[in-house]
Amino acid sequence: MCAAVASILAASAPAPADIGLNVIPTKNEIPTQAGKTETVPVTVRNDGQDVVHVQASLSDFTIAPNGQHVFMAPGKSAFSLAPYMSVNPREFDIQPGQFQQVRVSFTVPEHKIGEYATIIFFQTRPTRKPGSIGFSERIASKFYALVGDTGRIGGEVDNVAVQPAPGAQKVVVGFKNVGNVHVYVNGRVEIRKAGQVVEKLPVATQQLVERGSRVVLEATGKSLPAGTYDAVAVLDYGGPKLTGGQTTFTVH
Amino acid sequence: MKRILAIAATAIAAGTMVLPASAASTFSYGSVKLQWNVPLTATLNVHTNYNAAGAFGGAANTLFGSAAGVCTSQASGETDLNMNYGTLAVNPAAVVSCTYKNAVAMQLTTNAKYQVNEYLDTTAEVPAGTGFCAYPNGLTFGGVGTAAATQSVRAADPGVATFTAGTISACAAGGSYVPIASGTVSNTGAAPTQPNAVYTGEYLAGGTGLNVIGSATPPSGVVWAGEDLQLNLDKNAPATSGATSAFMTIQLVNN
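Within this structure, the stated rule accounts for 6 aromatic pairs over all chains. Site record: aromatic cluster; members linked through ring pairs are B:Tyr85, B:Tyr100 and B:Phe132. The ring of A:Phe71 is capped by A:Arg138, whose NZ or CZ atom sits 5.7 Å from the centre of that ring. In this arrangement the basic side chain of A:Arg138 is found over the ring face of A:Phe121, its NZ or CZ atom lying 3.6 Å from the centre.

See the structure below:
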(Lines give C-alpha, C1' and ligand atoms only; values in the text may rest on other atoms or scores of the structure.)
Protein backbone atom coordinates (compact mmCIF):
# COMPACT_ATOMS: atom_id res chain seq x y z
CA MET A 1 0.00 0.00 0.00
CA CYS A 2 2.76 2.41 0.97
CA ALA A 3 4.64 1.48 -2.16
CA ALA A 4 1.56 2.12 -4.29
CA VAL A 5 1.01 5.56 -2.77
CA ALA A 6 4.65 6.44 -3.25
CA SER A 7 4.44 5.35 -6.84
CA ILE A 8 1.39 7.52 -7.49
CA LEU A 9 3.04 10.52 -5.88
CA ALA A 10 6.15 10.04 -7.93
CA ALA A 11 4.15 9.76 -11.11
CA SER A 12 2.18 12.93 -10.41
CA ALA A 13 5.19 15.01 -9.47
CA PRO A 14 5.99 17.62 -12.10
CA ALA A 15 8.85 16.70 -14.38
CA PRO A 16 11.87 19.00 -14.32
CA ALA A 17 11.15 19.80 -17.98
CA ASP A 18 14.01 22.26 -18.31
CA ILE A 19 15.91 22.61 -21.54
CA GLY A 20 19.64 22.81 -21.95
CA LEU A 21 21.31 22.10 -25.26
CA ASN A 22 24.93 22.04 -26.23
CA VAL A 23 25.98 22.04 -29.87
CA ILE A 24 29.49 21.51 -31.17
CA PRO A 25 30.65 22.85 -33.51
CA THR A 26 28.49 25.90 -33.98
CA LYS A 27 30.52 26.94 -36.99
CA ASN A 28 31.99 24.74 -39.70
CA GLU A 29 34.31 26.03 -42.42
CA ILE A 30 34.96 23.19 -44.79
CA PRO A 31 37.17 23.23 -47.86
CA THR A 32 35.75 21.04 -50.59
CA GLN A 33 35.81 20.37 -54.30
CA ALA A 34 32.90 20.76 -56.65
CA GLY A 35 31.24 17.39 -57.10
CA LYS A 36 32.82 15.88 -54.01
CA THR A 37 30.66 14.72 -51.10
CA GLU A 38 31.69 15.84 -47.65
CA THR A 39 30.32 14.40 -44.41
CA VAL A 40 30.71 16.27 -41.15
CA PRO A 41 29.52 15.27 -37.67
CA VAL A 42 27.74 17.69 -35.36
CA THR A 43 27.21 16.71 -31.74
CA VAL A 44 24.07 17.77 -29.89
CA ARG A 45 24.15 17.18 -26.15
CA ASN A 46 21.33 17.36 -23.63
CA ASP A 47 22.60 19.32 -20.64
CA GLY A 48 19.13 19.51 -19.12
CA GLN A 49 17.54 17.26 -16.54
CA ASP A 50 14.79 15.88 -18.73
CA VAL A 51 14.59 14.04 -22.02
CA VAL A 52 14.41 16.47 -24.91
CA HIS A 53 13.12 16.12 -28.44
CA VAL A 54 15.21 17.93 -31.05
CA GLN A 55 14.43 18.80 -34.63
CA ALA A 56 17.06 19.85 -37.16
CA SER A 57 16.04 22.35 -39.79
CA LEU A 58 17.94 24.29 -42.41
CA SER A 59 17.84 28.03 -42.79
CA ASP A 60 19.62 30.39 -45.11
CA PHE A 61 20.93 33.61 -43.70
CA THR A 62 22.63 36.83 -44.48
CA ILE A 63 23.68 39.94 -42.61
CA ALA A 64 21.42 42.97 -42.78
CA PRO A 65 22.84 46.49 -43.09
CA ASN A 66 22.38 46.90 -39.33
CA GLY A 67 24.73 43.98 -38.75
CA GLN A 68 22.04 41.59 -37.56
CA HIS A 69 21.38 38.14 -38.93
CA VAL A 70 18.44 37.73 -41.26
CA PHE A 71 17.08 34.26 -41.79
CA MET A 72 15.45 32.94 -44.94
CA ALA A 73 13.88 29.77 -46.12
CA PRO A 74 16.49 27.23 -47.20
CA GLY A 75 17.49 27.69 -50.81
CA LYS A 76 16.45 31.35 -50.95
CA SER A 77 19.96 32.74 -50.73
CA ALA A 78 21.90 33.00 -53.97
CA PHE A 79 24.80 31.34 -52.17
CA SER A 80 22.83 28.72 -50.29
CA LEU A 81 24.38 25.40 -49.38
CA ALA A 82 21.00 24.03 -48.29
CA PRO A 83 19.89 22.53 -51.61
CA TYR A 84 23.02 20.37 -51.67
CA MET A 85 22.82 19.24 -48.07
CA SER A 86 21.25 16.40 -46.12
CA VAL A 87 21.00 15.92 -42.38
CA ASN A 88 20.58 12.60 -40.64
CA PRO A 89 18.82 12.11 -38.31
CA ARG A 90 16.43 15.01 -38.63
CA GLU A 91 14.59 14.35 -35.36
CA PHE A 92 15.67 12.57 -32.27
CA ASP A 93 15.24 12.28 -28.53
CA ILE A 94 18.20 12.77 -26.19
CA GLN A 95 18.26 11.51 -22.64
CA PRO A 96 19.69 13.78 -19.93
CA GLY A 97 23.46 13.86 -20.06
CA GLN A 98 23.53 12.03 -23.37
CA PHE A 99 24.28 13.21 -26.88
CA GLN A 100 23.31 12.58 -30.46
CA GLN A 101 25.76 12.76 -33.30
CA VAL A 102 24.21 14.15 -36.47
CA ARG A 103 25.73 13.46 -39.87
CA VAL A 104 25.71 16.39 -42.24
CA SER A 105 26.52 15.65 -45.87
CA PHE A 106 26.73 17.98 -48.84
CA THR A 107 27.95 18.00 -52.40
CA VAL A 108 28.54 21.33 -54.07
CA PRO A 109 27.71 20.88 -57.77
CA GLU A 110 30.19 21.29 -60.58
CA HIS A 111 30.95 24.78 -61.89
CA LYS A 112 30.24 26.43 -58.52
CA ILE A 113 32.88 28.77 -57.22
CA GLY A 114 33.44 30.60 -53.98
CA GLU A 115 31.71 29.93 -50.70
CA TYR A 116 28.25 28.53 -50.00
CA ALA A 117 26.61 28.68 -46.62
CA THR A 118 23.59 27.69 -44.60
CA ILE A 119 22.59 27.13 -40.98
CA ILE A 120 21.32 24.02 -39.29
CA PHE A 121 19.15 24.95 -36.34
CA PHE A 122 18.80 22.36 -33.62
CA GLN A 123 15.53 23.20 -31.93
CA THR A 124 13.77 21.64 -28.98
CA ARG A 125 10.11 20.88 -29.33
CA PRO A 126 8.09 22.85 -26.79
CA THR A 127 5.53 21.18 -24.60
CA ARG A 128 2.08 22.54 -25.31
CA LYS A 129 -0.09 23.22 -22.31
CA PRO A 130 -3.43 25.02 -22.66
CA GLY A 131 -3.38 28.59 -21.47
CA SER A 132 0.34 28.97 -21.17
CA ILE A 133 3.41 30.11 -23.02
CA GLY A 134 5.64 27.24 -23.92
CA PHE A 135 9.35 27.66 -24.57
CA SER A 136 11.81 26.12 -26.94
CA GLU A 137 15.37 26.94 -27.78
CA ARG A 138 17.36 26.62 -30.92
CA ILE A 139 21.08 26.76 -31.49
CA ALA A 140 22.65 27.43 -34.87
CA SER A 141 25.42 25.43 -36.43
CA LYS A 142 26.73 27.38 -39.41
CA PHE A 143 28.14 25.62 -42.43
CA TYR A 144 30.46 27.27 -44.93
CA ALA A 145 31.72 25.23 -47.88
CA LEU A 146 34.56 26.75 -49.88
CA VAL A 147 35.11 25.28 -53.31
CA GLY A 148 38.76 24.52 -54.08
CA ASP A 149 40.98 27.57 -54.37
CA THR A 150 38.21 29.74 -55.79
CA GLY A 151 37.75 31.80 -52.64
CA ARG A 152 38.40 35.50 -53.04
CA ILE A 153 38.43 37.93 -50.12
CA GLY A 154 37.24 41.36 -51.11
CA GLY A 155 35.83 44.39 -49.38
CA GLU A 156 35.45 48.08 -49.89
CA VAL A 157 34.20 51.14 -48.08
CA ASP A 158 31.49 52.60 -50.26
CA ASN A 159 30.36 55.44 -48.04
CA VAL A 160 31.60 57.63 -45.22
CA ALA A 161 29.24 60.25 -43.89
CA VAL A 162 28.93 62.36 -40.77
CA GLN A 163 25.52 63.07 -39.37
CA PRO A 164 24.84 65.63 -36.67
CA ALA A 165 23.63 64.15 -33.42
CA PRO A 166 22.63 65.93 -30.22
CA GLY A 167 25.89 67.07 -28.67
CA ALA A 168 27.92 64.70 -30.81
CA GLN A 169 28.88 63.56 -34.29
CA LYS A 170 27.66 60.29 -35.70
CA VAL A 171 29.94 58.75 -38.31
CA VAL A 172 28.40 56.28 -40.72
CA VAL A 173 30.59 53.91 -42.73
CA GLY A 174 29.28 51.62 -45.43
CA PHE A 175 31.23 48.42 -46.06
CA LYS A 176 30.47 46.03 -48.88
CA ASN A 177 31.72 42.48 -49.23
CA VAL A 178 32.78 42.29 -52.88
CA GLY A 179 34.51 38.94 -52.56
CA ASN A 180 32.93 35.50 -52.59
CA VAL A 181 33.58 34.44 -48.99
CA HIS A 182 32.42 35.80 -45.66
CA VAL A 183 34.68 38.24 -43.84
CA TYR A 184 35.02 39.72 -40.36
CA VAL A 185 35.53 43.45 -40.21
CA ASN A 186 37.44 45.37 -37.58
CA GLY A 187 38.13 49.04 -37.80
CA ARG A 188 38.08 52.58 -36.60
CA VAL A 189 37.32 56.11 -37.65
CA GLU A 190 39.79 58.86 -37.02
CA ILE A 191 38.56 62.42 -36.69
CA ARG A 192 41.29 64.75 -37.91
CA LYS A 193 41.68 68.51 -37.87
CA ALA A 194 44.43 69.97 -40.00
CA GLY A 195 45.99 66.54 -40.22
CA GLN A 196 46.06 65.99 -36.48
CA VAL A 197 43.99 63.18 -35.00
CA VAL A 198 41.58 64.59 -32.43
CA GLU A 199 39.55 61.44 -31.81
CA LYS A 200 39.60 57.72 -32.60
CA LEU A 201 36.31 55.84 -32.72
CA PRO A 202 36.00 52.06 -33.02
CA VAL A 203 33.33 51.20 -35.59
CA ALA A 204 33.55 47.45 -35.89
CA THR A 205 34.79 44.50 -33.88
CA GLN A 206 34.60 41.15 -35.62
CA GLN A 207 31.55 42.26 -37.55
CA LEU A 208 30.47 39.42 -39.80
CA VAL A 209 29.71 40.38 -43.40
CA GLU A 210 28.42 37.57 -45.54
CA ARG A 211 29.13 37.04 -49.22
CA GLY A 212 27.14 39.57 -51.22
CA SER A 213 26.04 41.62 -48.22
CA ARG A 214 26.71 45.15 -47.03
CA VAL A 215 26.71 46.60 -43.54
CA VAL A 216 26.44 50.13 -42.26
CA LEU A 217 28.77 50.73 -39.34
CA GLU A 218 28.17 53.57 -36.93
CA ALA A 219 30.16 55.34 -34.27
CA THR A 220 29.29 58.36 -32.21
CA GLY A 221 32.02 60.74 -31.17
CA LYS A 222 32.31 63.59 -28.75
CA SER A 223 31.08 67.10 -29.30
CA LEU A 224 33.60 69.04 -31.36
CA PRO A 225 34.46 72.75 -31.42
CA ALA A 226 33.45 74.64 -34.54
CA GLY A 227 35.71 73.99 -37.48
CA THR A 228 36.37 71.77 -40.46
CA TYR A 229 37.31 68.15 -39.89
CA ASP A 230 38.06 64.98 -41.79
CA ALA A 231 36.55 61.62 -40.85
CA VAL A 232 38.84 58.83 -42.03
CA ALA A 233 37.60 55.25 -41.84
CA VAL A 234 40.14 52.43 -41.81
CA LEU A 235 38.80 48.88 -41.94
CA ASP A 236 40.57 45.52 -41.80
CA TYR A 237 38.50 42.78 -43.40
CA GLY A 238 41.23 40.17 -43.62
CA GLY A 239 42.24 41.02 -47.15
CA PRO A 240 45.76 41.75 -48.37
CA LYS A 241 45.26 45.47 -47.78
CA LEU A 242 43.18 47.59 -45.48
CA THR A 243 40.32 49.50 -47.00
CA GLY A 244 39.06 52.92 -46.12
CA GLY A 245 37.41 56.14 -47.04
CA GLN A 246 37.06 59.64 -45.81
CA THR A 247 34.86 62.69 -45.84
CA THR A 248 35.18 66.28 -44.79
CA PHE A 249 32.61 67.90 -42.51
CA THR A 250 32.10 71.19 -40.76
CA VAL A 251 30.91 71.81 -37.24
CA HIS A 252 29.16 75.13 -36.88
CA MET B 1 65.55 -8.38 -34.17
CA LYS B 2 69.14 -8.68 -33.03
CA ARG B 3 70.20 -7.96 -36.58
CA ILE B 4 68.17 -4.78 -36.70
CA LEU B 5 69.61 -3.60 -33.41
CA ALA B 6 73.07 -4.38 -34.59
CA ILE B 7 72.59 -2.37 -37.78
CA ALA B 8 71.19 0.54 -35.80
CA ALA B 9 74.11 0.47 -33.40
CA THR B 10 76.55 0.43 -36.30
CA ALA B 11 74.81 3.36 -37.94
CA ILE B 12 74.94 5.40 -34.74
CA ALA B 13 78.59 4.56 -34.29
CA ALA B 14 79.35 5.41 -37.91
CA GLY B 15 77.47 8.68 -37.57
CA THR B 16 79.49 9.60 -34.56
CA MET B 17 82.72 8.71 -36.21
CA VAL B 18 82.17 10.74 -39.36
CA LEU B 19 81.48 13.92 -37.49
CA PRO B 20 84.24 16.40 -38.10
CA ALA B 21 86.00 17.71 -35.03
CA SER B 22 84.87 21.21 -35.78
CA ALA B 23 81.25 20.14 -35.63
CA ALA B 24 81.46 18.56 -32.22
CA SER B 25 80.03 21.64 -30.53
CA THR B 26 77.50 22.42 -33.25
CA PHE B 27 73.92 21.39 -32.62
CA SER B 28 71.41 20.75 -35.23
CA TYR B 29 67.91 22.02 -34.42
CA GLY B 30 64.72 20.64 -35.72
CA SER B 31 61.22 21.94 -35.19
CA VAL B 32 57.94 20.25 -34.61
CA LYS B 33 54.85 21.92 -35.90
CA LEU B 34 52.08 21.90 -33.30
CA GLN B 35 48.70 22.36 -34.83
CA TRP B 36 45.21 22.16 -33.41
CA ASN B 37 41.73 23.41 -33.93
CA VAL B 38 39.26 24.46 -31.25
CA PRO B 39 35.72 24.38 -32.60
CA LEU B 40 33.05 26.87 -31.65
CA THR B 41 30.62 25.52 -29.11
CA ALA B 42 27.67 26.84 -27.16
CA THR B 43 25.37 25.70 -24.38
CA LEU B 44 22.08 27.40 -23.58
CA ASN B 45 19.85 26.60 -20.61
CA VAL B 46 16.42 28.15 -20.14
CA HIS B 47 14.14 28.29 -17.10
CA THR B 48 10.90 30.14 -16.39
CA ASN B 49 9.53 31.58 -13.15
CA TYR B 50 13.13 31.61 -12.04
CA ASN B 51 14.57 31.90 -8.57
CA ALA B 52 17.75 33.56 -7.29
CA ALA B 53 19.83 30.70 -8.66
CA GLY B 54 18.28 31.04 -12.11
CA ALA B 55 16.47 27.71 -11.77
CA PHE B 56 12.74 27.03 -11.90
CA GLY B 57 11.19 28.81 -8.93
CA GLY B 58 8.24 26.61 -8.09
CA ALA B 59 4.54 26.10 -8.61
CA ALA B 60 3.43 29.65 -7.65
CA ASN B 61 4.05 32.73 -9.75
CA THR B 62 3.88 36.50 -9.26
CA LEU B 63 1.73 38.55 -11.63
CA PHE B 64 1.20 42.32 -11.62
CA GLY B 65 -1.89 43.66 -13.36
CA SER B 66 -2.18 47.12 -14.89
CA ALA B 67 -5.32 47.52 -12.81
CA ALA B 68 -6.96 45.64 -10.00
CA GLY B 69 -8.54 42.42 -11.16
CA VAL B 70 -6.82 42.24 -14.55
CA CYS B 71 -4.88 39.15 -13.52
CA THR B 72 -4.23 37.13 -10.43
CA SER B 73 -1.09 35.27 -9.41
CA GLN B 74 -1.30 31.49 -9.59
CA ALA B 75 -0.90 29.82 -6.22
CA SER B 76 0.04 26.57 -7.89
CA GLY B 77 0.26 24.82 -11.21
CA GLU B 78 3.33 26.38 -12.76
CA THR B 79 5.83 24.08 -14.41
CA ASP B 80 9.18 24.94 -15.86
CA LEU B 81 8.98 26.29 -19.42
CA ASN B 82 5.22 26.80 -19.25
CA MET B 83 4.13 30.20 -18.00
CA ASN B 84 0.49 30.65 -17.09
CA TYR B 85 -1.08 34.11 -16.98
CA GLY B 86 -4.42 32.67 -15.99
CA THR B 87 -7.60 34.44 -17.09
CA LEU B 88 -7.23 38.11 -17.97
CA ALA B 89 -10.02 40.68 -17.61
CA VAL B 90 -10.16 42.58 -20.88
CA ASN B 91 -11.29 46.20 -20.84
CA PRO B 92 -13.56 47.37 -23.69
CA ALA B 93 -12.18 50.89 -23.47
CA ALA B 94 -8.52 50.55 -22.53
CA VAL B 95 -5.42 48.43 -22.97
CA VAL B 96 -4.67 46.14 -20.05
CA SER B 97 -1.50 44.29 -19.17
CA CYS B 98 -0.27 41.57 -16.88
CA THR B 99 3.42 41.29 -16.01
CA TYR B 100 4.99 38.00 -15.04
CA LYS B 101 7.80 38.64 -12.58
CA ASN B 102 11.06 36.68 -13.04
CA ALA B 103 9.62 35.17 -16.17
CA VAL B 104 12.60 33.82 -18.11
CA ALA B 105 16.23 33.11 -17.22
CA MET B 106 18.78 32.16 -19.86
CA GLN B 107 22.20 30.76 -19.08
CA LEU B 108 24.79 30.78 -21.84
CA THR B 109 28.24 29.29 -22.13
CA THR B 110 30.22 29.72 -25.32
CA ASN B 111 33.73 30.28 -26.60
CA ALA B 112 32.81 32.63 -29.43
CA LYS B 113 31.01 35.82 -30.31
CA TYR B 114 27.35 35.28 -29.56
CA GLN B 115 23.89 36.66 -29.97
CA VAL B 116 20.76 35.49 -28.16
CA ASN B 117 17.35 36.49 -29.48
CA GLU B 118 13.77 35.67 -28.69
CA TYR B 119 10.59 35.69 -30.68
CA LEU B 120 7.10 34.28 -30.63
CA ASP B 121 6.28 31.60 -33.12
CA THR B 122 3.76 32.50 -35.81
CA THR B 123 0.90 34.96 -35.76
CA ALA B 124 -1.58 32.12 -35.38
CA GLU B 125 -0.45 31.67 -31.82
CA VAL B 126 -0.71 35.34 -30.93
CA PRO B 127 -3.91 36.87 -32.30
CA ALA B 128 -4.35 40.53 -33.20
CA GLY B 129 -4.82 42.68 -30.13
CA THR B 130 -2.39 40.58 -28.13
CA GLY B 131 1.28 41.32 -27.67
CA PHE B 132 4.24 40.84 -25.36
CA CYS B 133 6.83 43.23 -23.97
CA ALA B 134 10.00 42.09 -22.22
CA TYR B 135 11.71 43.97 -19.40
CA PRO B 136 15.36 43.12 -18.62
CA ASN B 137 16.46 42.27 -15.11
CA GLY B 138 19.86 43.68 -14.23
CA LEU B 139 21.02 44.05 -17.81
CA THR B 140 20.48 46.03 -20.97
CA PHE B 141 18.94 44.26 -23.94
CA GLY B 142 21.60 43.89 -26.59
CA GLY B 143 24.37 44.05 -23.99
CA VAL B 144 26.66 41.32 -22.77
CA GLY B 145 24.45 39.88 -20.03
CA THR B 146 25.24 39.43 -16.36
CA ALA B 147 27.68 37.24 -14.49
CA ALA B 148 24.94 35.69 -12.35
CA ALA B 149 21.18 35.30 -12.45
CA THR B 150 19.53 38.56 -11.48
CA GLN B 151 16.00 38.64 -10.16
CA SER B 152 13.48 41.36 -10.76
CA VAL B 153 12.94 44.19 -8.27
CA ARG B 154 9.62 45.07 -9.83
CA ALA B 155 6.68 45.60 -7.49
CA ALA B 156 4.00 46.63 -9.97
CA ASP B 157 3.08 46.47 -13.61
CA PRO B 158 5.28 48.91 -15.59
CA GLY B 159 2.33 50.27 -17.56
CA VAL B 160 0.48 49.15 -20.64
CA ALA B 161 1.86 49.09 -24.16
CA THR B 162 0.55 51.15 -27.05
CA PHE B 163 -1.31 49.33 -29.81
CA THR B 164 -1.56 50.42 -33.43
CA ALA B 165 -3.90 48.44 -35.64
CA GLY B 166 -3.86 45.49 -33.29
CA THR B 167 -0.07 45.33 -32.93
CA ILE B 168 2.14 46.75 -30.22
CA SER B 169 3.88 49.88 -31.46
CA ALA B 170 5.53 50.83 -28.19
CA CYS B 171 6.13 49.26 -24.80
CA ALA B 172 6.19 51.12 -21.51
CA ALA B 173 9.48 52.63 -20.39
CA GLY B 174 12.27 50.07 -20.22
CA GLY B 175 10.38 47.47 -22.21
CA SER B 176 11.02 45.95 -25.62
CA TYR B 177 8.52 44.40 -27.97
CA VAL B 178 8.89 40.68 -28.53
CA PRO B 179 8.33 40.20 -32.27
CA ILE B 180 6.32 37.46 -33.84
CA ALA B 181 8.09 35.26 -36.35
CA SER B 182 6.98 35.87 -39.89
CA GLY B 183 8.03 32.52 -41.20
CA THR B 184 6.13 29.32 -41.59
CA VAL B 185 5.67 26.19 -39.60
CA SER B 186 6.22 23.26 -41.88
CA ASN B 187 6.22 20.47 -39.35
CA THR B 188 3.49 20.70 -36.77
CA GLY B 189 3.05 17.03 -36.15
CA ALA B 190 1.99 16.12 -32.65
CA ALA B 191 4.17 13.06 -32.79
CA PRO B 192 7.76 12.92 -33.94
CA THR B 193 8.00 12.52 -37.67
CA GLN B 194 10.79 12.11 -40.10
CA PRO B 195 10.27 14.70 -42.79
CA ASN B 196 10.59 13.37 -46.29
CA ALA B 197 11.53 16.72 -47.71
CA VAL B 198 15.13 17.58 -48.26
CA TYR B 199 14.76 20.34 -45.74
CA THR B 200 12.11 21.91 -43.55
CA GLY B 201 11.59 25.36 -42.19
CA GLU B 202 10.13 24.92 -38.78
CA TYR B 203 9.36 28.13 -36.92
CA LEU B 204 11.44 30.06 -39.39
CA ALA B 205 11.89 33.59 -38.15
CA GLY B 206 11.93 36.28 -40.77
CA GLY B 207 14.09 38.44 -38.57
CA THR B 208 16.14 37.79 -35.53
CA GLY B 209 13.55 38.84 -32.98
CA LEU B 210 14.41 40.76 -29.85
CA ASN B 211 18.15 40.93 -29.29
CA VAL B 212 18.47 39.87 -25.67
CA ILE B 213 22.24 39.68 -25.22
CA GLY B 214 25.24 39.62 -27.52
CA SER B 215 28.91 40.39 -27.70
CA ALA B 216 31.67 40.62 -30.27
CA THR B 217 33.99 38.76 -27.91
CA PRO B 218 33.51 35.46 -26.08
CA PRO B 219 32.43 35.72 -22.46
CA SER B 220 34.95 34.90 -19.78
CA GLY B 221 32.46 32.66 -18.03
CA VAL B 222 28.79 31.87 -17.83
CA VAL B 223 26.52 34.65 -19.07
CA TRP B 224 23.02 35.21 -17.75
CA ALA B 225 20.00 37.07 -19.01
CA GLY B 226 16.75 37.44 -17.08
CA GLU B 227 13.54 39.23 -17.90
CA ASP B 228 10.01 39.96 -16.83
CA LEU B 229 7.41 39.31 -19.50
CA GLN B 230 4.30 41.41 -19.93
CA LEU B 231 1.19 40.25 -21.74
CA ASN B 232 -0.83 43.14 -23.23
CA LEU B 233 -4.40 43.07 -24.48
CA ASP B 234 -5.68 45.83 -26.73
CA LYS B 235 -8.95 47.44 -25.77
CA ASN B 236 -11.74 45.03 -26.35
CA ALA B 237 -9.35 42.33 -27.50
CA PRO B 238 -11.21 39.41 -29.01
CA ALA B 239 -12.15 36.56 -26.74
CA THR B 240 -10.31 33.35 -27.21
CA SER B 241 -11.84 29.95 -27.57
CA GLY B 242 -10.73 28.12 -24.49
CA ALA B 243 -7.27 28.76 -23.13
CA THR B 244 -4.84 30.20 -25.62
CA SER B 245 -1.24 29.12 -25.72
CA ALA B 246 1.80 30.49 -27.49
CA PHE B 247 5.38 29.44 -28.09
CA MET B 248 8.45 31.52 -27.53
CA THR B 249 11.80 30.54 -28.96
CA ILE B 250 15.13 31.50 -27.49
CA GLN B 251 17.70 31.48 -30.28
CA LEU B 252 21.48 31.39 -30.07
CA VAL B 253 23.75 32.13 -32.99
CA ASN B 254 27.53 32.27 -32.81
CA ASN B 255 29.49 34.51 -35.11
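What follows covers the sheet that holds strand β16 (residues 227-236) of chain A. Whether parallel or antiparallel, the strands of a sheet pair through hydrogen bonds between backbone atoms. All names here are of chain A. On the basis of which strands lie adjacent, the open sheet formed by 4 strands has the order β14-β13-β16-β17 and antiparallel pairing. Strands at the two margins of the open sheet, each flanked by one partner only, are β14 (196-209) and β17 (243-251). Each adjacent strand pair in this sheet contributes to an overall mean axis angle of 15°, direction not counted.

All right, on to the confidence of the model for chain A then. The predicted model of chain A has a mean per-residue pLDDT of 89, with 93% of residues at 70 or higher. Confidence drops under pLDDT 50 across residues 1-16 of chain A; counting only partners more than four residues distant or on other chains, this segment forms 4 contacts.

Before going further, it helps to spend a moment on the layout of surface pockets. Empty space among the atoms becomes visible once a probe the size of a water molecule is rolled across them. As a volume, the second largest pocket reaches approximately 440 Å³. Lining the second largest pocket we find 26 residues, and of these A:Gly67, A:Gln68, A:Gln207, B:Lys113 and B:Gln115 sit closest to its centre. Mapped onto the lining of the second largest pocket, the elements with two or more residues apiece are β14 and β15 (214-221) of chain A together with β5 (114-120), β10 (210-215) and β12 (246-254) of chain B. Take the lining of the second largest pocket: its biggest share by element is 5 residues, from β14(A). Of the residues belonging to the lining of the second largest pocket, the class tally is 11 nonpolar, 13 polar and 2 charged.

Now for the state of the cysteines. Residue and element names in this part refer to chain B. One pass over the structure, following the stated rule, counts 2 disulfides over all chains. Shown here is the disulfide that connects Cys 71 with Cys 98, its sulfur atoms set 2.1 Å apart. Where Cys 71 bonds to Cys 98 through sulfur, the torsion about that S-S bond is close to 100°, and the disulfide is right-handed. Residue Cys 71 is located in the loop between β2 (63-65) and β3 (82-83), and its partner Cys 98 is located in strand β4 (residues 96-110); the two are separated by 27 residues in the primary sequence. Taking the relative accessible area as the measure of exposure, Cys 98 reaches 0% and is therefore buried. At a sulfur-sulfur separation of 2.0 Å, the disulfide partner of Cys 133 is Cys 171.

Residues and elements named next belong to chain A. Spatially, β11-β12-β15 is the arrangement adopted by the 3 strands of the open sheet, whose pairing is antiparallel. The two strands at the open ends of the sheet, each matched to only one other strand, are β11 (155-165) and β15. Direction aside, the axes of adjacent strands within the sheet are offset by 20° on average. Relative to strand β12 (residues 168-177), β11 is paired through 10 bridges, and the arrangement is antiparallel. Note that in β12 the partner of Asn 159 across the bridge is Gly 174.

Glancing now at the pairing of β12(A). All names here are of chain A. Within β12, 8 of the 10 residues are buried, leaving the element largely enclosed by the surrounding structure. Counted between consecutive antiparallel strands, the loop separating β11 from β12 contains 2 residues, among which Gly 167 sits at a positive phi close to 70°. Relative to β15, β12 runs antiparallel, the two sharing 8 bridges. If you follow Phe 175 over to β15, its bridge partner there is Val 215.

Residue and element names in this part refer to chain B. Taken over all residues, the pLDDT of chain B has a mean of 82, while the share at 70 or more is 76%. With pLDDT under 50 throughout, residues 1-23 is counted as low confidence; its partners more than four residues away or in other chains account for 0 contacts. Across residues 185-203, where pLDDT falls below 50, the model places 52 contacts with residues more than four positions away in sequence or in other chains. On the interface metric, ipTM, the complex scores 0.88, and its pTM is 0.85.

Calculation rules
- All chains use their own residue numbering, which begins from 1 and follows the written sequence.
- Chains carry letters from A onward and ligands carry numbers from 1 onward, assigned in written order.
- The predicted origin of the model limits local features to residues at a pLDDT of at least 70 and limits the giving and counting of side-chain atom pairs to 80 or more, whereas totals for whole chains, interfaces and linings rest on all residues.
- Water and hydrogen atoms play no part in the side-chain values, which are based on all heavy atoms of the structure.
- Centre distance within 6.5 Å is the pairing criterion for rings of Phe, Tyr and Trp, where only the six-membered ring of Trp is used; planes under 30 degrees apart are then read as stacked, over 60 as edge-to-face, and the remainder as tilted.
- Ring-over charges, as used throughout, are those where CZ of Arg or NZ of Lys falls within 6 Å of the ring centre and within 35 degrees of the ring normal.
- In short, DSSP must find at least two bridges between two strands for them to pair.
- Numbered from the N terminus, helices here are DSSP runs of H or I no shorter than four residues, and strands are runs of E no shorter than two.
- Only C-alpha atoms enter the line fits that serve as axes; for helices the fit covers just the stretch in contact. Angles between N-to-C directions range over 0 to 180 degrees.
- The predictor's confidence in any single residue is recorded as pLDDT, a number from 0 to 100.
- Here, residues are in contact when the closest pair of their heavy atoms is within 4.5 Å.
- Cavities and pockets are defined on a 1 Å grid built over the protein atoms alone: a cavity is a set of grid points where a 1.4 Å probe fits but cannot escape, while a pocket is an open set with protein on both sides within 12 Å along at least five of seven lines, and lining residues are those with an atom within 4 Å of any such point.
- Grid points are joined across faces, edges and corners, and a volume is the space filled by probe spheres set on the points.
- Classification convention: Asp, Glu, Lys, Arg as charged; Ala, Val, Leu, Ile, Met, Phe, Trp, Tyr, Cys, Pro as nonpolar; all other residues, Gly among them, as polar.
- Only a pair of cysteine sulfur atoms within 2.5 Å qualifies as a disulfide here.
- Buried residues are those whose accessible area, probed at 1.4 Å on protein chains only, stays under 20% of the maximum for their type, while exposed residues exceed 50% and partly exposed ones sit between those limits.

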